[in-house]
Amino acid sequence: MRWAGGRIGSWWRPIPPLATPNPEKEFPMPIKKDETGKRWVEMEFIAPGTPEQVWRAMATGPGNTAWFTKTRIEEHVGGALHFDFGPNGASTGEVTIWEPPFRFGYVERDWSEGAPPVATEITVTSRSGDRCVVRMIHSLFASTDDWDDQLEGFEGGWPGFFEVLRVYLSHFAGEKAASFIVMTSTEADQLSIWRRLTETLGLAGANVGEEREGPQQPERLSGIVECVRQDDKQRFIMLRLNTPAPGIALIGTHGSDGGANASMALYLYGDDAEQRAAESEPKWRNWFGETFKHPG
């Protein structure tokens, strides 16, 4: 999944907490290599739900839209795949594995100029208690280590979205969904941008389990804090929303060369989700642009 200028890891890479990661959620692995030139990273985590529910979330367009980004997938081998990141770019691919509800794969050939194609394979394995083990592998063939940093970036970009997936499957599985992502770049350092972002939205010092309520403008966000993670390079907070509608907000910052990015991914659920998202997106895009247009 590529943003303008690089994959999801290039604009904002949510990371595991500073403490030892919870083995029930994620198991990041180093880059692996073999004698054929194949290089890959793999991630494994527990997702709530039946294999059918997890499959729909991971392998269909409406499912990905509900926890990652606007997505279209033709549901068969050879089908087209399209991830839409709005003004942040897009990524296209082709379905290579279609074995519902257990295996799904696709290849992206134009994710970066001059790069070899990247293949993604997702497997879903049932466990007791309506839970599944999800394994995701990103792999490519290269004779040098020129693309190793990008592979690491792929892996680093997923944890925040996997948290959204967990909450989606726990509370909103199967509901109609709409989503959008807004982001702005600044020349300020990441810590100052994080402070301004969280203070302005009423999220400063947020702790998991708290109910928080933000200001009226551009529209009120209120809900339960589900996750808080940060280090000196990247930070995010996730809210399970009750206002402006049932949904999830993933709000964060990511350090970049000479500055920092501030961003929000908003997921809304229910029969009127598309209408609400269409009304919300321009408000938040303008707010992020105005709030962070000056450094400091």
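What this report covers is the structure whose coordinates are included nearby. Every value quoted in this text rests on a predicted model; they were computed, and no experiment measured them.

## Concerning the pattern of salt bridges
Consideration 1: Under the criterion given, the structure shown has 13 salt bridges.
Consideration 2: Salt-bridge contacts for arginine 135 lead to glutamate 42; the nearest nitrogen and oxygen are separated by 3.1 Å. Of this pair, arginine 135 sits in strand β10 (residues 131–141) while glutamate 42 is found in strand β4 (residues 38–48), placing the two residues 93 residues apart along the sequence.
Consideration 3: Given a relative accessible area of 31%, arginine 135 falls into the partly exposed group.
Consideration 4: Close ionic contact of arginine 229 with glutamate 163 constitutes a salt bridge, the shortest N to O distance being 2.5 Å. Of this pair, arginine 229 sits in strand β13 (residues 222–230) while glutamate 163 is found in helix α5 (residues 159–171), placing the two residues 66 residues apart along the sequence.

## Observations regarding the sheet that holds strand β14 (residues 234–243)
Consideration 1: Pairing within the open sheet is antiparallel, and its six strands lie in the order β11-β16-β15-β14-β13-β12. The sheet is open, and its two edges are formed by β11 (177–186) and β12 (211–213), each paired on a single side. Shown here is a sheet whose adjacent strand axes are inclined to one another by a mean of 25°, direction ignored.
Consideration 2: Pairing of β13 with β14, which is carried by eight bridges, proceeds in the antiparallel orientation. Within β14, the residue paired with isoleucine 224 across the bridge is arginine 240.
Consideration 3: Where α5 meets the sheet, it contacts β13, β14, β15 (247–256) and β16 (259–269), and its direction lies at approximately 20° from that of β14.

## Description of helix α7 (residues 273–291)
Consideration 1: Over its 19 residues, α7 extends 26 Å from the first C-alpha to the last, a length consistent with the 27 Å expected when each residue adds 1.5 Å.
Consideration 2: Of all the bends in α7, the greatest, near 25°, is centred on serine 280, and the proline proline 282 appears no more than four residues after it.
Consideration 3: Turning to α7, its buried residues are Ala273, Ala277, Ser280, Glu281, Trp284, Trp287, Phe288 and Thr291.

## Points about the sheet that holds strand β6 (residues 80–84)
Backbone hydrogen bonds are what pair the strands of a sheet, in a parallel or an antiparallel way.
Consideration 1: With antiparallel pairing, the eight strands of this open sheet are ordered in space as β3-β4-β10-β9-β8-β7-β6-β5. Taken across any chain shown, the strands that pair with only one partner, and hence form the sheet edges, are β3 (32–33) and β5 (70–73).
Consideration 2: Examined bridge by bridge, β5 and β6 share four bridges and lie antiparallel to one another. Bridge assignment links arginine 72 to a residue of β6, and that residue is histidine 82.
Consideration 3: Along the sheet, helix α2 (residues 51–59) makes contact with β4, β5, β7 (90–99), β8 (103–108), β9 (118–127) and β10, crossing β10 at roughly 35°.
Consideration 4: Here α5 sits on the sheet and contacts β4 and β10; the angle it forms with β4, its principal contact strand, is near 30°.

## Points about the packing of aromatic side chains
Consideration 1: Overall, the coordinates contain 22 aromatic pairs when judged by the stated rule.
Consideration 2: Relative to phenylalanine 162, the ring of tryptophan 67 has its centre 6.4 Å away and its plane inclined at 35°; by these criteria the two rings are tilted. Residue tryptophan 67 is located in the loop between α3 (61–65) and β5, and its partner phenylalanine 162 is located in helix α5; the two are separated by 95 residues in the primary sequence. A single burial state applies to tryptophan 67 and to phenylalanine 162, both of which are buried.
Consideration 3: Between phenylalanine 68 and tryptophan 158 the ring centres are 5.0 Å apart and the planes differ by 40°, which places this aromatic pair in the tilted class. Of the two residues, phenylalanine 68 is situated in the loop between α3 and β5 and tryptophan 158 in the loop between α4 (148–157) and α5; the sequence distance between them amounts to 90 residues.
Consideration 4: Relative accessible area serves as the criterion here: at 1%, tryptophan 158 is assigned to the buried category.

## Overview of the side chain of threonine 291
Consideration 1: On the secondary structure map, threonine 291 appears in helix α7.
Consideration 2: Looking at threonine 291, the relative accessible area reads 19%, which means it is buried.
Consideration 3: In terms of polar contacts, threonine 291 uses its side chain to reach the backbone carbonyl oxygen of tryptophan 287, at 2.7 Å.

Calculation rules
- Residues numbered from 1 in each chain as written.
- Predicted model: local features only at pLDDT ≥ 70, side-chain atom pairs only at ≥ 80, totals over all residues.
- Heavy atoms only, no water.
- Salt bridge = Lys/Arg side-chain N within 4 Å of Asp/Glu carboxyl O.
- Helix = DSSP H or I, 4+ residues; strand = E, 2+ residues; numbered from the N terminus.
- Buried < 20%, exposed > 50% of the residue type's maximum accessible area, 1.4 Å probe, protein only.
- Pairing = 2+ DSSP bridges.
- Axes fitted to C-alpha atoms, helices over the stretch in contact; angles between N-to-C directions.
- Contact = heavy atoms within 4.5 Å.
- Expected span 1.5 Å × (residues − 1).
- Bend = angle between axes of the 7 residues up to and from the residue.
- Phe/Tyr/Trp six-rings, centres within 6.5 Å; stacked < 30°, edge-to-face > 60°.
- Polar contact = N/O pair within 3.5 Å; in protein donor to acceptor, adjacent residues only side chain to side chain.

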